[in-house]
Amino acid sequence: MNTPPPRRPLLLDGATGTNLLQQGMPPGACTETWVLDHPRALQDLQRAYLEAGSDLLLAPTFGANRLRLRQQGLSLPVIELNERLVALTREAAGGRCLVAGDISATGEQVEPFGDLPFLELVDCFAEQAFALKRAGVDLIVCETMTSLTECRAALLAARETGLPVYVSVTVDDSGRTPQEADPMAVLITMQGLGASAFGINCSDSSQGLEEQFLRLAPQANIPLLAKPSAGLSPDRVLSPREFARTMERLLLAGVTIAGGCCQTTPAHIRELRRLLDSFDFSAVRIERDEHEITAACDAQSFSLEEEFEFSDELRCSLDMSDEILEIEDRGEDVLLVRVHTAEDAHFFALNAHMARLPVAFVSDSEEALEMALVLYNGRAIIDSMSDLPRETLERLAMGYGATVI
């Protein structure tokens, strides 16, 4: 089946940080506080993007969450900081374009690789997301994410505002995020959780992004976003015309939301505006993949055949690694995990990184099953043999992007 992209593309803005550095922001400075001290530098840049044709401006709230601020030795009030930064961008926009709140990675390691509980990370992002909503943004963009864990936490938090939420990751030359997540697995998980768009940003536009989007597009049920860099070093920057040529290949691969990241300027966005206005999106046809992806973990995604077998039920404990590896060595199709309590769900979440099979949960406790779905870092399966009403299973599946089988 061929599915055409949305009729009207959306043009985002370009880089903020690299341009502010050219305006005198010291390297290593907290962008958010520097902007408050130098509002004209930001607003002149944003008005230039608007004049270049941007349909959307991102407020400079990239690192305005309590964990990132704490790392910089700052104890600023998150709500007030986000409101002031959004107000600057709304003033620059003057009602002529959309304004998005910008959320990004905290830089903290979540359990079991760090001390931060996953739900505390969700709470951190929720504080910022609701501050952005209160400030009057039209949507929220969770960008430059480096792991599926932070993508999930940010989306779970931001979607509670009721605003549209875009999610994008950054990838390196290996085609994976810095914390080794597969973009396909992130796409499958994000669209299941209700993201309004998914994409890649802050990656070199000339390094393999076309192949990434050609791979993603047949499985995408939501618009694809590309906001690459014009160069990851000031010494090697694509000209506006060169940048537009690389972006044209991404549009042909299925991208319909476009913008620029590091080293891009209003001149790059102006050239991209010309490309979008002349590009024939109706001629792009994406052949849908016949094999729908049923499940995902951070490292990979899975298409299950009609005939597959669950493993024997795996009971949860603090250290489950040997049992998980034993099941995988037996060549089982799906890892079936029995969760009796919320503590069981937490125990499995601490061990889930060991699993390289699709994961299914079975439970007779709605609370335990919901916690398992909240904490699992991927797209899970719910065993329909769980001793809960079918409508409960379907509701939980819809809420957390799972599949009932």
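Residues numbered from 1 in each chain as written. Predicted model: local features only at pLDDT ≥ 70, side-chain atom pairs only at ≥ 80, totals over all residues. Heavy atoms only, no water.

Q: What is the right way to look at the pairing of strand 14 (residues 335-338) in this model?
A: The two faces of a sheet get side chains in turn, since along a regular strand they alternate between them. Side chains Leu335 and Val337 of strand 14 all project onto a buried face; the interleaved residues Leu336 and Arg338 project onto the opposite face, where all are buried too. Relative to strand 14, strand 13 (residues 314-315) runs parallel, the two sharing two bridges. Looking across to strand 14, one finds that Arg315 is bridged to Arg338. Crossover strand 13 to strand 14 through helix 12 (residues 321-329) is right-handed. The pairing of strand 14 with strand 15 (residues 359-362) spans four bridges and is classified as parallel. Looking across to strand 15, one finds that Leu335 is bridged to Val359. As a crossover connection, the stretch from strand 14 through helix 13 (residues 342-351) into strand 15 is right-handed. (Buried < 20%, exposed > 50% of the residue type's maximum accessible area, 1.4 Å probe, protein only. Helix = DSSP H or I, 4+ residues; strand = E, 2+ residues; numbered from the N terminus. Pairing = 2+ DSSP bridges. Right-handed = clockwise from strand over helix to strand, strands pointing away.)

Q: Quick question: what am I supposed to make of empty space enclosed by the protein here?
A: To find leftover empty space, one rolls a probe the size of a water molecule over the atoms. For the structure shown, the criterion picks out one cavity of 30 Å³ or more. Estimates place the volume of the largest cavity at around 30 Å³. Around the largest cavity, the lining residues are Arg152, Leu193, Leu373, Tyr376, Gly378, Ala380 and Tyr400. (1 Å grid on protein atoms, 1.4 Å probe; cavity = no way out; pocket = protein on both sides within 12 Å on 5 of 7 lines; lining within 4 Å. Points joined across faces, edges and corners; volume = space filled by probe spheres on them.)

Q: I tried to follow helix 15 (residues 390-400) on my own but got confused; where do I start?
A: An α-helical segment advances 3.6 residues per turn. Residues three or four places apart therefore align on the same side. Taken residue by residue, helix 15 has Thr392, Leu393, Leu396, Ala397 and Tyr400 as its buried positions. One side of helix 15 carries all its buried residues, which in axial view fall inside an arc of 130°. More than 90 degrees from the buried face of helix 15, the exposed residues found are Glu391 and Met398. Elements that come into contact with the buried residues of helix 15 comprise helix 7 (148-158), helix 8 (183-193), helix 14 (366-375), strand 17 (381-382) and strand 18 (403-404). (Arc of directions from axis to C-beta. Contact = heavy atoms within 4.5 Å.)

Q: Hey, could you run me through the nonpolar core in this one?
A: The nonpolar side chains of a soluble globular protein tend to be buried, and buried together. Counting 123 residues, the largest nonpolar core has Met190, Leu335, Phe348 and Phe361 as its most contacted members. Beyond its immediate stretch of four places on either side in the chain, Phe348 contacts Cys316, Met320, Ile324, Leu335, Val337, Val359, Phe361 and Tyr376. Counting residues in each nonpolar core, the second largest holds 14 residues, with Met25, Cys30, Ala41 and Val78 among its members. (Core = buried A, V, L, I, M, F, W, Y, C linked by side-chain atoms within 4.5 Å.)

Q: It is not clear to me how the pairing of strand 9 (residues 255-258) should be interpreted in this structure. Could you clarify?
A: Bridge analysis of strand 2 (residues 10-11) against strand 9 gives two bridges, and the strand direction is parallel. Counted as the bridge partner of Leu11 is Ala258 from strand 9. The sheet contact formed by strand 8 (residues 224-229) and strand 9 spans three bridges and is parallel. Bridge assignment links Ala226 to a residue of strand 9, and that residue is Ala258.

Q: I'm lost on the packing of helix 7 against helix 8 in this one. Help?
A: The angle between the axes and the distance between the axes are what describe a pair of packed helices. Viewed as axis vectors pointing N to C, helix 7 and helix 8 meet at an angle of 10°, and their least axial separation amounts to 10 Å. Here helix 7 lies roughly parallel to helix 8, going by the angle between them. Considering the relative orientation of helix 7 and helix 8, their crossing is right-handed. On helix 8, the residues that touch Leu148, Cys151, Arg152, Leu155 and Leu156 of helix 7 are Val186, Thr189, Met190 and Leu193. (Axes fitted to C-alpha atoms, helices over the stretch in contact; angles between N-to-C directions. Parallel < 35°, antiparallel > 145°, perpendicular 65-115°, else oblique. Left-handed = near helix turned anticlockwise from the far one by under 90°.)

Q: Explanation requested: the environment of Asp319 in the structure shown.
A: Along the chain, the position of Asp319 falls in the loop between strand 13 and helix 12. You can call Asp319 exposed: its relative accessible area is 51%. Placed 31 residues apart in sequence, Asp319 and Leu350 show a C-alpha to C-alpha distance of 8.3 Å. One polar contact links Asp319 to Ser321, side chain to side chain, over a distance of 2.9 Å. (Polar contact = N/O pair within 3.5 Å; in protein donor to acceptor, adjacent residues only side chain to side chain.)

Q: Is there a simple way to think about the confidence of the model for the protein in this case?
A: Scored by pLDDT, the protein has a mean of 94; 97% of the residues are at 70 or more. Here residues 1-7 scores under 50 on pLDDT; set against residues more than four positions off or in separate chains, the count is 15 contacts. (pLDDT = per-residue confidence, 0-100.)

Q: Explain the packing of aromatic side chains here, please?
A: Any pair of aromatic rings gets described here by the distance separating the centres and the angle formed by the planes. Across all of its chains, the model carries five aromatic pairs by this definition. Between Arg159 and the ring centre of Tyr400, over which it is positioned, the NZ or CZ distance is 5.7 Å. (Phe/Tyr/Trp six-rings, centres within 6.5 Å; stacked < 30°, edge-to-face > 60°. Lys NZ or Arg CZ within 6 Å of the ring centre and 35° of its normal.)

Q: I keep staring at the packing of helix 6 (residues 118-135) against helix 7 and nothing clicks. Help me out?
A: Packing of helix 6 against helix 7 brings their axes to within 8 Å, and their N-to-C directions diverge by 50°. Accordingly, the angle class assigned to the pair helix 6 and helix 7 is oblique. Helix 6 and helix 7 meet at a crossing whose hand is right-handed. In this structure, helix 6 uses Phe118, Leu121, Val122, Phe125, Ala126, Ala129 and Phe130 to contact helix 7, whose residues at the interface are Thr149, Glu150, Arg152, Ala153, Ala154, Leu156, Ala157 and Ala158. Here the contact of helix 6 with helix 7 is built from residues that sort into 12 nonpolar, one polar and two charged. (Nonpolar A, V, L, I, M, F, W, Y, C, P; charged D, E, K, R; others polar.)

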